[in-house]
Structures are given as structure tokens and as C-alpha cells.
Amino acid sequence: MKKFFITFIFSIVIFIVIISIWSTITYNNLVKLNENIRTQWSQVETVYQRRLDLIPNLVNIVKGSGEFEKETLLKIVESRSRAISSNINTKDLNQYQINKYQQEQEQINKSINKLLIIIEQYPNLKSTRNFYELQNQLEGTENRINVERNQFNEEVNQFNSYRNSFPKNFVANLFYQFKEKGYFKSQMGSETTPIINFYN
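Note that this is a predicted model, so its numbers are computed, not measured. (Residues numbered from 1 in each chain as written. Predicted model: local features only at pLDDT ≥ 70, side-chain atom pairs only at ≥ 80, totals over all residues. Heavy atoms only, no water.)

Novice: How should the pattern of salt bridges be read in this particular structure?
Specialist: Where charged atoms from two side chains of opposite charge approach closely, those side chains can pair. What the rule picks out here adds up to 3 salt bridges. Put simply, Glu35 and Arg38 hold a salt bridge, and the shortest N to O gap is 3.4 Å. Taken together, the residues span about one helical turn, with Glu35 and Arg38 both in helix α1 (residues 2–63) at a distance of 3 residues. Relative accessible area serves as the criterion here: at 38%, Glu35 is assigned to the partly exposed category. Given a relative accessible area of 27%, Arg38 falls into the partly exposed group. Notably, a salt bridge pairs Lys179 with Asp92, separated by 3.8 Å at the nearest N-O pair. Pair noted here: Lys179 is in the segment after α6 (168–172) and Asp92 is in the loop between α2 (70–85) and α3 (95–119), with a separation of 87 residues, a long-range link. (Salt bridge = Lys/Arg side-chain N within 4 Å of Asp/Glu carboxyl O. Helix = DSSP H or I, 4+ residues; strand = E, 2+ residues; numbered from the N terminus. Buried < 20%, exposed > 50% of the residue type's maximum accessible area, 1.4 Å probe, protein only.)

Below is the structure:
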């Protein structure tokens, strides 16, 4: 009887040690995957910030044309201000926060596209060297945004797949920072990357 009791206690201790080691490994993997997402999110913010930084240059070039529609410029400046003032909690990149951030960026995109359509009516403006260089920078930035968003979604997919798999989800659900992360999704009517076209 005593031997059975010792064996039973020893088995429980071994089981607890195995569960502890497995939980520690799972936790460390979740930390690593979570940090990958946060790092990639900073890349996404960087490329969006690059676009925000280009907007004052675009506005200044357009202002120089004199009779340009002031209302359109005002809207693009307001959209930029809203985007700059918005904050997202990188510890909680849930679907709601990602959607909100994406909607703010989409407002800027719409304002820029409207501005570029109106610019078509100003041949002297669109033929300037500064405007041509800005066009190339905007096109490059839109491509970078698309690349970084896709990479972010890949990191989120790896994290969510790992954290939702059984039995790892037990460990993940114990910690707030390991909640399921949100994806960038296509906005209605934006199935393709926006094309900035100055010359039709």
C-alpha cells in the first residue's frame, strides 16, 4: 500500500512538472509570436506615417497653383489631423481597433484620390518636377503599405493559429495580451490596391 502511495505521488509530481514545462514553452512561444505582431505593426504605422508626411508637400504644391479648390485641401488636411491624433493600443490589436484604424486611413486615401482627380484639371501643376517626384513617392508608399499590411496579416495568422490550437488555447486564455488579434481586411470597393494616376 505504501509503495502504491509513493508511486501515485511520484506520478502526480511528474505530471505537474511536464505540464509546467509545456505551459512555459507555450507561454514563451506566445510571447515571441505576439512580439512579432507588435514589431510588424510598427512597420505598418511607419509606412502610413510616411504617407501622412507626404500630404503637407502635396498640399503646398497644390496651394501654389492659386485658384485651386480650397475645400478639397481643407478636407485632406482634416483627414490627416484625425489620423495623426488617433491612437491604437498595440497590446490589444483586436479586430475593432484594426477596423477603426483602417477606416481612418481610408478617409485619407479617399481625400488624396479626390485631390488627384481634381488636379487633372490643372495641366501646369501636374507637369512640374516637384509634383512628378511626389507622384512617385506616393505610388511607392501605397505599394509599401500593401506589402506591410500583408506581412502583418501573416504574423497575425501565425499567432491566431497557434493560440487557438488545442490545448494551447488554455494557456493563451489565461493572459490578456494573448487575446486573438485582428486582421486588415479589404474595404468595400477596394479589392485592388489604389492606383494613383496623374496622367490619363
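Next comes the rest of the write-up.
Novice: Please explain the side chain of Arg51 as it appears in this structure.
Specialist: Tracing the backbone through its elements, the reader meets Arg51 in helix α1. Within polar-contact distance, the side chain of Arg51 engages the side chain of Gln105 at 3.2 Å. If we ignore the near neighbours within four places in the chain, the residues touching Arg51 are Gln105, Ile108, Asn109, Ile112, Thr141, Glu142 and Ile145. (Polar contact = N/O pair within 3.5 Å; in protein donor to acceptor, adjacent residues only side chain to side chain. Contact = heavy atoms within 4.5 Å.)

Novice: How should the packing of aromatic side chains be read in this particular structure?
Specialist: When we look at a pair of aromatic rings, we describe it by the centre distance and by the angle of the planes. The full count for this structure, using the stated rule, is 10 aromatic pairs. Ring centres of Trp41 and Tyr101 lie 4.9 Å apart, and the angle between their planes is 65°; on these two criteria the pair is classed as edge-to-face. In this pair, Trp41 sits in helix α1 while Tyr101 sits in helix α3, placing the two residues 60 residues apart along the sequence. Tyr101 sits in the buried class, given a relative accessible area of 8%. Summarising the aromatic geometry, the rings of Phe166 and Phe170 are spaced 5.5 Å apart at their centres and angled 70° between planes, so their arrangement reads as edge-to-face. There is no split in this pair, since Phe166 and Phe170 are both exposed. An aromatic cluster is defined as three or more aromatic residues linked by ring pairs; in this entry it consists of Trp41, Tyr48, Tyr101, Phe152 and Phe184. (Phe/Tyr/Trp six-rings, centres within 6.5 Å; stacked < 30°, edge-to-face > 60°.)

Novice: Is there a simple way to explain the nonpolar core in this structure?
Specialist: Nonpolar side chains tend toward joint burial in soluble globular proteins. Residues Leu30, Trp41, Leu93, Ile98, Phe152 and Phe184 are the most contacted members of the largest nonpolar core, which totals 20 residues. At the level of secondary structure, the elements contributing two or more residues to this core comprise α1, α3, α5 (129–164) and α6. The residues touching Leu93, leaving out its near neighbours within four places in the chain, are Ile37, Trp41, Ile88, Ile98, Phe152, Lys181 and Gly182. One finds Val59, Val62, Ala83 and Phe131 within the second-largest nonpolar core, a separate group that totals 17 residues. (Core = buried A, V, L, I, M, F, W, Y, C linked by side-chain atoms within 4.5 Å.)

Novice: Which parts of the structure should I look at to understand unusual backbone geometry?
Specialist: Excluding glycine, most residues fall at negative phi; most peptide bonds, likewise, are trans. Here the residue pair Phe166 and Pro167 is connected by a cis peptide bond, since its omega of 0° sits within 30 degrees of zero. One can find Pro167 in the loop between α5 and α6.

Novice: Please clarify how the packing of α1 against α5 should be interpreted in this entry.
Specialist: Look at α1 against α5: their axes get within 9 Å of each other, and the N-to-C directions meet at 165°. Classified by the angle their axes make, α1 and α5 are roughly antiparallel. The way α1 lies across α5 gives a crossing that is left-handed. Among the residues forming the contact of α1 with α5, the class breakdown is 19 nonpolar, 12 polar and 8 charged. (Axes fitted to C-alpha atoms, helices over the stretch in contact; angles between N-to-C directions. Parallel < 35°, antiparallel > 145°, perpendicular 65-115°, else oblique. Left-handed = near helix turned anticlockwise from the far one by under 90°. Nonpolar A, V, L, I, M, F, W, Y, C, P; charged D, E, K, R; others polar.)

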